[in-house]
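# Structural description and commentary
The lines below spell out each chain.
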Amino acid sequence: MPNPQKTHTLMKAALGAVIIAIIILCVLLVQQYRYINRLDYISHRQSLFRSLHGSGPLTSANASSTQAWMTFDYINRAFTLPSQYLQVTLSINDSRYPRMTIAQYVKASGRSQNEVLKAVQDAIRAYASAKQ
Amino acid sequence: MSSILTFLLSFLLLYKYWALFAVVFMAAVIVPIPANTLILAAGAFASQGYFNFWISLLVIVLANMVGDCIDYFLARIYGRRILRKIHVRMPSYLERLEKFVAEYPRSAIFFTRFVGTIEPITSLLCGFSGIRIWTFLVYDFLGNLASDGLILYSGYFLGVHWQDFTGLFSLTDYILVGVTIIAIVGVLYWRKKHNRT
């Protein structure tokens, strides 16, 4: 026969553990909500859902989202740039182009990462405006 | 973004499906790498036309299943032998967990595919318990298809915004781990109490 006293204590302990877990989860969820709110997604929900389901190539408005881990091949494809466009604009002589990341190019060229990223973003915007 | 994640993202863009397979496979075996974030990224890349959604899904499910099967067979063939050799007795809570998995293999296999952290442990326990290989394969496939498909489609849906939601996916993982642990402890406790009466 189970000891009713022990069972009762165990039940109380389990209930306590569940309550603590729920409190921790609530705190984490509130943190996430505030984070997403800071990104202005919830206040501008309409624009979020208009821009969500973003299948298709990126536009010049997304140029600032380029990062050092991205490859030139990916940037060319994502922004529908001609394959040699960035190579010519940035005067890249590395044979690994376009299958190299911006970070790899930064290391090989000795230029600063911010400088290269800005040059890539400007090139994307310039191509888009020339196309229009 | 952590340096490991940026390295993995570059690896993914450079070697595409091979990298996707390698990362998901290693995560499925037991290496703690952020495979779910990579799957989310692959979905976003698919929305931009750099990856094919269906090939990515196929590669991810296949990599997960190969990794899970390695865990299963390692535990099934060598598990107990290794424990005997190194004179280690399985902890009682793992024994209870093994019994639980043996009793409810289908739900255990299917639902733990949604929780990256617990997935390899369940595959190992399935091998220990000697769950039939076909049961393991069928529910492993269904679970991986549902969970990976969900994450991949989320990435596809979020598109360029995928990076802003990686934290939310880690949080979902923590929640699922918490809920799974609470559920398992609850069922074990209920069974223990039920058996006594």
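Residues numbered from 1 in each chain as written. Chains lettered and ligands numbered in written order. Predicted model: local features only at pLDDT ≥ 70, side-chain atom pairs only at ≥ 80, totals over all residues. Heavy atoms only, no water.

### Details of the overall build of chain A
A count of helices and strands for chain A gives six helices and zero strands. Each helix and strand of chain A, ordered N terminal to C terminal, gives the series α-α-α-α-α-α. Counting every position in chain A, which comprises 132 residues, the buried fraction comes to 29%. Sequence-distant contacts in chain A: of pairs separated by 6 or more residues, those separated by 24 or more amount to 54%. Element-wise, carbon and sulfur atoms account for 58% of the exposed surface of chain A, whose accessible area totals about 8,400 Å². (Helix = DSSP H or I, 4+ residues; strand = E, 2+ residues; numbered from the N terminus. Buried < 20%, exposed > 50% of the residue type's maximum accessible area, 1.4 Å probe, protein only. Contact = heavy atoms within 4.5 Å. Areas by Shrake-Rupley, 256 points an atom, 1.4 Å probe, with all protein chains shown as cover.)

### Things to note about the nonpolar core
Counting 58 residues, the largest nonpolar core has Phe 72, Tyr 74, Ile 75 and Leu 86 of chain A together with Phe 45 and Trp 162 of chain B as the members making the most contacts within it. Of all the secondary structure elements, the ones that give two or more residues to this core are helix H3 (72-78), helix H4 (85-89), helix H5 (102-109) and helix H6 (113-131) of chain A together with helix H1 (3-29), helix H2 (35-47), helix H3 (53-85) and helix H7 (133-158) of chain B. Here this core gets 10 residues from one element, more than from any other, and that element is H1 of chain B. Those residues in contact with Tyr 74 of chain A that lie beyond four places of it in its chain are Leu 58 of chain A together with Leu 13, Phe 45, Gln 48 and Tyr 50 of chain B. Listed in part, the 10 residues of the second largest apolar core include Leu 97, Val 101, Leu 125 and Cys 126 of chain B. (Core = buried A, V, L, I, M, F, W, Y, C linked by side-chain atoms within 4.5 Å.)

### Observations regarding the confidence of the model for chain B
The predicted model of chain B has a mean per-residue pLDDT of 82, with 83% of residues at 70 or higher. Across the whole predicted complex the pTM is 0.72, and at the interface the ipTM reaches 0.71. (pLDDT = per-residue confidence, 0-100.)

### With respect to a nonpolar patch on the surface
Residue and element names in this part refer to chain B. A surface patch of nonpolar side chains, amounting to about 780 Å² of accessible area, comprises Leu 62, Val 66, Ile 70, Phe 73, Leu 74, Ile 77, Tyr 78, Ile 82 and Ile 86. Mapped onto the secondary structure, Val 66 falls in helix H3. A residue is classified by how much of its surface remains accessible, and Val 66, at 34% relative accessible area, is partly exposed. (Patch = residues over 30% accessible without salt bridge, like charges linked within 9 Å, V, L, I, M, F, W, Y side chains within 5 Å. Salt bridge = Lys/Arg side-chain N within 4 Å of Asp/Glu carboxyl O.)

### Section: the packing of aromatic side chains
Residue and element names in this part refer to chain B. Inspection of every chain in the model, using the stated rule, returns 19 aromatic pairs over all chains. Taking the centre distance of 5.1 Å and the plane angle of 85° together, the rings of Phe 53 and Trp 54 count as edge-to-face. Lying across the ring of Tyr 50, Lys 16 places its NZ or CZ 4.5 Å from the centre. Between Lys 16 and the ring centre of Phe 51, over which it is positioned, the NZ or CZ distance is 5.9 Å. (Phe/Tyr/Trp six-rings, centres within 6.5 Å; stacked < 30°, edge-to-face > 60°. Lys NZ or Arg CZ within 6 Å of the ring centre and 35° of its normal.)

### Quick notes on the packing of H3 of chain B against helix H6 (residues 119-129) of chain B
All names here are of chain B. As a packed pair, H3 and H6 sit with axes 7 Å apart at the nearest point and diverge in direction by 50°. Taken together, the axis directions place H3 and H6 in an arrangement best described as oblique. Once H3 is placed against H6, the crossing between them reads as right-handed. Contacts between H3 and H6 involve Asn 64, Asp 68, Asp 71, Tyr 72, Ala 75, Arg 76, Gly 79, Arg 80 and Leu 83 from the first element and Glu 119, Pro 120, Ser 123, Leu 124, Cys 126, Gly 127 and Phe 128 from the second. (Axes fitted to C-alpha atoms, helices over the stretch in contact; angles between N-to-C directions. Parallel < 35°, antiparallel > 145°, perpendicular 65-115°, else oblique. Left-handed = near helix turned anticlockwise from the far one by under 90°.)

### What to know about empty space enclosed by the protein
Evaluation of the coordinates by the stated rule reveals one cavity of 30 Å³ or more. If you add up the space inside the largest cavity, you get close to 60 Å³. Lining the largest cavity are Leu 58, Ser 65, Met 70, Tyr 74 and Phe 79 of chain A together with Gln 48, Val 160, Trp 162 and Gln 163 of chain B. Of the residues contributing to the lining of the largest cavity, the split by class is six nonpolar, three polar and no charged. (1 Å grid on protein atoms, 1.4 Å probe; cavity = no way out; pocket = protein on both sides within 12 Å on 5 of 7 lines; lining within 4 Å. Points joined across faces, edges and corners; volume = space filled by probe spheres on them. Nonpolar A, V, L, I, M, F, W, Y, C, P; charged D, E, K, R; others polar.)

### Describing unusual backbone geometry
Following Tyr 97 of chain A, the chain continues to Pro 98 of chain A via a peptide bond in cis, the omega torsion being 5°. Position of Pro 98 of chain A among the secondary structure elements: in the loop between H4 and H5. Positive phi, close to 45°, is recorded for Thr 80 of chain A, a residue that is not glycine. Along the chain, the position of Thr 80 of chain A falls in the loop between H3 and H4. Non-glycine residue Lys 16 of chain B carries a positive phi angle of around 40°. Within the secondary structure layout, Lys 16 of chain B lies in helix H1.

### Considerations on the pattern of salt bridges
A complete count under the given rule lists seven salt bridges over all chains for this structure. The shortest N-O distance in the salt bridge between Asp 122 of chain A and Arg 125 of chain A comes to 3.6 Å. Of the two residues, Asp 122 of chain A and Arg 125 of chain A are both situated in helix H6; the distance of three residues between them amounts to about one turn of the helix. Arg 125 of chain A gets classed as partly exposed once you look at its relative accessible area, which sits at 36%. Arg 113 of chain B serves as the salt-bridge partner of Asp 140 of chain B, at 2.8 Å between the closest nitrogen and oxygen.

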